[in-house]
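Here's the letter readout for the chains.
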Amino acid sequence: MAESAGAQEDTSASSGNAAARNSPEADAANAEETEADSATDPSRTPGAADGSAEPVSGSATARDDQQVTVDHGPWGRYIHGPAFITALEQGKGPRAAWQALPGEDWPRRLAELAAAVVGRGRSAILMVPDQRDLDRVLAECTRLLGDSAVGLSAGLGPAARYRRWLAVLRGTAQVVVGTRSAVFAPAKNLGLIAIWDDGDDTYAEPRSPYPHAREVAMLRSHETGAAFVAAGFARTAEIQAVVESGWAHDLVADRMVVRDAAPRISVPGDTDIALERDPVARAVRIPGVAYAAARSALKEGAGVLVQVPRRGYVPSLACAKCRTPARCRHCNGPLALPDGRARHSDSQGDAAHSPNCRWCGITEAAFRCASCGSRALRAVVIGAQRTAEELGRAFPGVPIRGSGGGAMLDTVEPGPQVVVATVGAEPVLPGGYGVALLLDSWALLGRADLRAAEDALRRWMTAATLVRSRGQVIVMGDPGIPTVQALVRWDPVGHARVELASRAEVGFPPAVRMAAVDGTAESINELLTATELPDNVDVLGPVPLPDGARKPFSSGDSPAEVERILLRVDRKSGAALARALTAAQAIRSTHRSDAPLRVQIDPVDIG
């Protein structure tokens, strides 16, 4: 498992490499042959991927010789879909980037892929981001394959998890459905390894050696000859890179099929005529066209989904005069308004109407801006609770349901209702929603993150797929932004292609290899002094550790200031950089240096 990997693997050629060397399938693998670049070299693909087994019918055999008929008809909607299923049934190892159609029953499709390889007596690993998705996929696998499918997640507890791990090791469990640690499952005769929504940040292991489940999955597929599927509604730049290298191939639908399956997606004020009808369509948070669409869907008895980026009531405040962010006088933390229940509680008194600090919790009853002295405040971001309150007034008598944080809903009953959900917490409505409103697009696009646009499109598409094909999706944003246009056209592949080209132009992963070294100035200088870096390395920094990033482990007190430097080389020099950092870490260990230091290759959060 990832937790048992040694700290010396901290600077392997890639995070996926380090994880693969700790997996049961790759104990005997040579380190030079498992470098990340080999995963994208089609000339080094194992011969086992070609396969010579005789083809079988489209049915899979579950345990106890029970015949299970699997309907592969839905795969006919995808170009080369039937050929991909046939290759799985013949025991071959095809590799594909599958873009699921809007409204696709993707848990069922993943279960069918697993059933195809189980029919050949091989095993499958299916990875999903969270427990909600795990339950859905496992239910479909159990329906098709019975007890030969098991789930692996941290919530099971050590005893149940170990029993299922042993069942996989012995071969009695042929299908493993789990979160990121399932990539290390000791599946016997592995025939398929699939990952759903690889852009989710939960796939990145936060502990040393920091493997990413996607990279480990590709390495296991390369070394064992198993089939590999990266599936999702959106696509990451990393998967686009392996597609362009030829290591994997597109599994997508024709544009006409996509248009028939996708709901109608629009942006308020996207044309001159629309702006003439509603001149403030781009300025207000929820324009009139959005209210009209929601009202029409409710009259037809359909549900309305409202996606909000932030939970809470008003989670961010600023000075109404100079727009300076409102900060606490005691700890300099951000100020926010408490939720509606606190604001209207008589027991709280006048203080309930005052903002409080999100860090120390102290109520700021007499706020004064430190820049201009003004006492007036304005909301920077509106949270899910405030949004639900406003929609409740706009649609009296209509049930308003919330989903987010510790109160997430998996499904909701059909009927006219408004569901206000934070990103990632959207519940499923049988039959699909009639309308979806995607609010505050700037909050997702404006994050200071390399993957902000990619993640925003992934979040929007996940919500849009919950809308019926004849429904409507309205995204509140600037229609000129390329990410918004990619959503309107439903073109995740084109967006990933542009994203990859943009990163290659400025030198960011996955176009290059990048090592992030976090620690104090003393520990970083000690490491660089002992390191013989490649000649073509670019040293960026030092800069302060990004906000929200965990500080490196320290045997003593946590240092007050932690810096980060970035070491950038081209992909061909990635292995040389990793070996140099590994040697430097070994020298530091002989010196018994206890200063905090962390080295990551291609970290998810660059800062």
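Everything numeric in this text was worked out from a predicted model, so none of it was measured.

> When you look at the packing of helix α14 (residues 452-464) against helix α16 (residues 492-506) in this model, what are you seeing that I'm missing?
Any two packed helices are characterised by how steeply their axes cross, that is the angle between the axes, and by the distance between the axes. Axis separation between α14 and α16 bottoms out at 11 Å; the angle between their running directions is 170°. Comparing their axes, α16 and α14 come out roughly antiparallel. Within the contact between the two elements, α14 uses Ala453, Glu454, Leu457 and Met461 and α16 uses Pro492, His495, Glu499 and Arg503. Here the contact of α14 with α16 is composed, by residue class, of four nonpolar, one polar and three charged.

> Which parts of the structure should I look at to understand unusual backbone geometry?
Backbone phi values are negative for most residues with the exception of glycine, while trans is the configuration of most peptide bonds. Here the amide bond leading from Ser208 into Pro209 is cis, since omega sits at 10°, within 30 degrees of zero. At the junction of Gly541 and Pro542, the peptide bond is cis and its omega measures out at 10° in the coordinates. Position of Pro542 among the secondary structure elements: in strand β21 (residues 538-544). One non-glycine residue with positive phi stands out, namely Asn189, at about 55°. Counting through the fold element by element, Asn189 comes out in the loop between β6 (175-178) and β7 (190-196).

> Sorry, what's going on with the pairing of strand β18 (residues 433-438) here?
Successive residues of a regular strand alternate their side chains across the two faces of the sheet. Buried residues dominate β18, accounting for six of its six residues. Both strand β11 (residues 303-308) and β18 contribute to a ladder of four bridges, which runs parallel. Within β18, the residue paired with Val304 across the bridge is Val435. Two elements, β18 and strand β19 (residues 467-475), share five bridges in a ladder whose sense is parallel.

> Hey, could you run me through the layout of surface pockets in this one?
Empty space among the atoms becomes apparent when a probe as large as a water molecule is rolled across them. By volume, the second largest pocket amounts to about 900 Å³. When residues of the lining of the second largest pocket are traced back to their parent elements, those giving at least two are α4 (131-145), α14 and β19. In terms of residue count, the dominant contributor to the lining of the second largest pocket is α4 (four residues). Of the residues assigned to the lining of the second largest pocket, the class counts are nine nonpolar, 11 polar and 15 charged.

> Looking at this structure, I do not really get the nonpolar core. What am I missing?
Here is a general trend for soluble globular proteins: nonpolar side chains tend to be buried in one another's company. Ranked by size, the top nonpolar core spans 67 residues in total, and within it Trp98, Leu110, Leu113, Leu126, Val175, Trp196 and Leu487 carry the most contacts. In terms of residue count, helix α3 (residues 106-118) provides more of this core than any other element does, nine residues in total. If you look at the next biggest cluster of nonpolar residues, it comprises 31 residues, including Met127, Val168, Ala213 and Val242.

> Please explain the pairing of strand β22 (residues 563-570) as it appears in this structure.
Buried residues dominate β22, accounting for six of its eight residues. Pairing analysis gives eight bridges linking strand β20 (residues 512-519) to β22, with the strands arranged antiparallel. Note on β22: the bridge partner recorded for Val517 is Ile565.

> Can you help me understand the packing of helix α7 (residues 237-245) against α16 in this one?
It is at 9 Å that the axes of α7 and α16 come closest, and there the two elements cross at 90°. Taken together, the axes of α7 and α16 lie roughly perpendicular to each other. Of the residues in α16, those in contact with Ala237, Glu238, Gln240, Ala241 and Glu244 of α7 are Val493, Ala496, Arg497, Glu499, Leu500 and Arg503. Class assignment for the residues of the contact of α7 with α16 results in five nonpolar, one polar and five charged.

> Can you walk me through α3 in this structure?
Between its terminal C-alpha atoms α3 stretches 18 Å, which fits the 18 Å expected from 13 residues at 1.5 Å a residue. When you tally the buried positions in α3, you get 12 out of 13 residues, the bulk of the element. Listed in full, the buried residues belonging to α3 are Trp106, Pro107, Arg109, Leu110, Ala111, Glu112, Leu113, Ala114, Ala115, Ala116, Val117 and Val118.

> Looking at this structure, I do not really get helix α15 (residues 482-489). What am I missing?
In an α-helix, one full turn covers 3.6 residues, which means residues spaced three or four apart are oriented alike. Every buried residue of α15 is listed here: Thr483, Val484, Ala486 and Leu487. Burial along α15 is one-sided: seen end-on, the buried residues are contained in an arc of 155°. The elements touched by buried residues of α15 are β10 (264-266), β18, α13 (441-445), α14, β19 and α16. Looking one or two residues beyond α15, the residue adopting positive phi is Trp490, at roughly 50°.

> Explanation requested: the sheet that holds strand β23 (residues 597-601) in the structure shown.
Two pairing modes exist for strands in a sheet, parallel and antiparallel, and in both the strands are linked by backbone hydrogen bonds. In space, the four strands of this open sheet follow the order β21-β22-β20-β23, with antiparallel pairing throughout. Where the open sheet ends on each side, the last strands, each with one partner, are β21 and β23. If you compare each strand with its neighbour and ignore which way they point, the axes differ by 15° on average.

> Is there a simple way to think about the packing of aromatic side chains in this case?
According to the stated counting rule, one finds eight aromatic pairs in the structure shown. A ring pair is formed by Trp75 and Tyr78, whose centres lie 5.8 Å apart and whose planes are at 45°; its orientation type is tilted. Tyr78 shares its class with Trp75; the two are buried. Their ring planes at 50° and their centres at 6.1 Å tell us that Tyr291 and Phe395 sit as a pair that is tilted. Placement of Tyr291 in helix α10 (residues 288-299) and of Phe395 in the loop between α12 (384-394) and β16 (400-403) is noted, with a sequence separation of 104 residues between them. Exposure remark for Tyr291: the relative accessible area of 22% places this residue in the partly exposed category. Feature note: the residues Trp75, Tyr78, Trp98, Trp106, Trp196 and Phe233 constitute an aromatic cluster, connected by ring pairs. Between the NZ or CZ atom of Arg95 and the centre of the ring of Trp247, over which it lies, the distance is 4.6 Å. Lying over the aromatic face of Trp359, Arg327 brings its terminal NZ or CZ to 5.8 Å of the ring centre.

Here is what the cut-offs are and how they apply
Residues numbered from 1 in each chain as written. Predicted model: local features only at pLDDT ≥ 70, side-chain atom pairs only at ≥ 80, totals over all residues. Heavy atoms only, no water. Axes fitted to C-alpha atoms, helices over the stretch in contact; angles between N-to-C directions. Helix = DSSP H or I, 4+ residues; strand = E, 2+ residues; numbered from the N terminus. Parallel < 35°, antiparallel > 145°, perpendicular 65-115°, else oblique. Contact = heavy atoms within 4.5 Å. Nonpolar A, V, L, I, M, F, W, Y, C, P; charged D, E, K, R; others polar. Buried < 20%, exposed > 50% of the residue type's maximum accessible area, 1.4 Å probe, protein only. Pairing = 2+ DSSP bridges. 1 Å grid on protein atoms, 1.4 Å probe; cavity = no way out; pocket = protein on both sides within 12 Å on 5 of 7 lines; lining within 4 Å. Points joined across faces, edges and corners; volume = space filled by probe spheres on them. Core = buried A, V, L, I, M, F, W, Y, C linked by side-chain atoms within 4.5 Å. Expected span 1.5 Å × (residues − 1). Arc of directions from axis to C-beta. Phe/Tyr/Trp six-rings, centres within 6.5 Å; stacked < 30°, edge-to-face > 60°. Lys NZ or Arg CZ within 6 Å of the ring centre and 35° of its normal.

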